[in-house]
Amino acid sequence: LKSYAARNGTETIGENGRIHYKPNVEGELVQVIVDHLALVKLTTRSKKEEMDLLANYLLSIRNIYAYSPLVLMQINRTSSSMDRRNANMAEIELSDLKDTGTAAEAAELVIAVYSPWRVKQPNHKGYNIKLLQDHYRAIQILKSRLGESEKSVSCNFWGSVGTFEELPPAEE
């Protein structure tokens with residue numbers, strides 16, 4: 001990433017000792033995609049230490065170069081446990097991110113895709129999951145420094161073509 005920045009912009013050190021970066025193309029958006037965080041191996045550290053290290057590195061390149069990291073993570077298996085289902089707490093929570101919380105803490109936006117069909121939930125937010133089956137997804141905003149958090153949007157999902165379409169309110 002640093003070599004890309006060197007080829008595509010100018011780096012200077014300010015009086016405060018901080019790096020300032022100006023891209024050659026104003027407004028350029030550089031998307032850094034990590035698919036997925038637990039599979040990245042940089043050193044001989046533990047998996048959690050590796051994930052924390054990469055999350056902090058991505059945070060620093062976001063702050064210095066204005067790159068936009070997109071990090072994919074899995075959730076813990078306990079997020080779909082019977083105890084949580086019985087307590088009607090089957091939706092994904094920020095604490096469900098697998099192996100480390102550092103990436104979520106560093107993120108500006110955390111989005112989860114929830115499938116009630118996978119956990120055999122018969123209804124979700126007024127929608128009949130037995131009818132919709134695996135075509136229903138809830139897109140959850142778990143964290144946002146840019147706007148509202150803890151919101152959920154019910155969508156029709158067509159996996160064969162990768163399409164999501166917002167559903168009308170369940171009452172309609």
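Residues numbered from 1 in each chain as written. Predicted model: local features only at pLDDT ≥ 70, side-chain atom pairs only at ≥ 80, totals over all residues. Heavy atoms only, no water.

**Overview of the packing of aromatic side chains**
Then, in step 1: Following the criterion strictly, the structure yields five aromatic pairs and no others.
Then, in step 2: Taking 6.2 Å as the distance between ring centres and 65 degrees as the angle between the ring planes, the aromatic pair formed by Tyr 4 and Tyr 67 counts as edge-to-face. Here the residue Tyr 4 occupies a position in helix α1 (residues 2-8), and Tyr 67 occupies one in the loop between α2 (47-65) and β4 (68-72), the gap between them amounting to 63 residues.
Then, in step 3: Note on Tyr 4: relative accessible area 27%, which makes it partly exposed.
Then, in step 4: Residue classification places Tyr 67 among the buried positions, given a relative accessible area of 3%.
Then, in step 5: An aromatic cluster of three or more residues is present, and its members are Tyr 4, Tyr 21, Tyr 65 and Tyr 67. (Phe/Tyr/Trp six-rings, centres within 6.5 Å; stacked < 30°, edge-to-face > 60°. Helix = DSSP H or I, 4+ residues; strand = E, 2+ residues; numbered from the N terminus. Buried < 20%, exposed > 50% of the residue type's maximum accessible area, 1.4 Å probe, protein only.)

**What to know about the environment of Val 153**
Then, in step 1: Mapped onto the elements, Val 153 comes out in strand β9 (residues 151-158).
Then, in step 2: Under the relative-accessibility criterion, Val 153 is labelled partly exposed at 32%.
Then, in step 3: In this structure the C-alpha to C-alpha distance between Val 153 and Gln 140, which are 13 residues apart in sequence, comes to 6.5 Å.
Then, in step 4: Residues in contact with Val 153, not counting those within four places in the same chain, are Arg 137, Ala 138, Ile 139 and Glu 166. (Contact = heavy atoms within 4.5 Å.)

**What to know about the pairing of β4**
Regular strands have side chains that alternate between both faces of the sheet.
Then, in step 1: Relative to β4, strand β3 (residues 31-35) is paired through five bridges, and the arrangement is parallel. Bridge pairing in β4 places Gln 31 opposite Ser 68.
Then, in step 2: As a crossover connection, the stretch from β3 through α2 into β4 is right-handed. (Pairing = 2+ DSSP bridges. Right-handed = clockwise from strand over helix to strand, strands pointing away.)

**Some details on a nonpolar patch on the surface**
Then, in step 1: A cluster of nonpolar side chains, namely Ile 33, Leu 70 and Leu 72, defines an oily patch on the protein surface of about 260 Å² accessible area.
Then, in step 2: Note on placement: Leu 72 falls in strand β4.
Then, in step 3: On the basis of relative accessibility, which here comes to 36%, the residue Leu 72 falls in the partly exposed class. (Patch = residues over 30% accessible without salt bridge, like charges linked within 9 Å, V, L, I, M, F, W, Y side chains within 5 Å. Areas by Shrake-Rupley, 256 points an atom, 1.4 Å probe, with all protein chains shown as cover. Salt bridge = Lys/Arg side-chain N within 4 Å of Asp/Glu carboxyl O.)

**Details of the side chain of Lys 143**
Then, in step 1: Looking at the secondary structure, you find Lys 143 in strand β8 (residues 136-144).
Then, in step 2: The side chain of Lys 143 is buried and forms no salt bridge, while Glu 105, the nearest opposite charge, is found at 7.7 Å.
Then, in step 3: Side-chain polar atoms of Lys 143 contact the backbone oxygen of Ala 104, separated by 2.7 Å.
Then, in step 4: Once residues lying within four places of it in the same chain are set aside, the contact partners of Lys 143 are Leu 94, Ala 104, Glu 105, Ala 106, Ala 107, Glu 108, Leu 109, Val 110 and Ser 149. (Lys, Arg positive; Asp, Glu negative; His and termini not counted. Polar contact = N/O pair within 3.5 Å; in protein donor to acceptor, adjacent residues only side chain to side chain.)

This is a description of form; function is not addressed.
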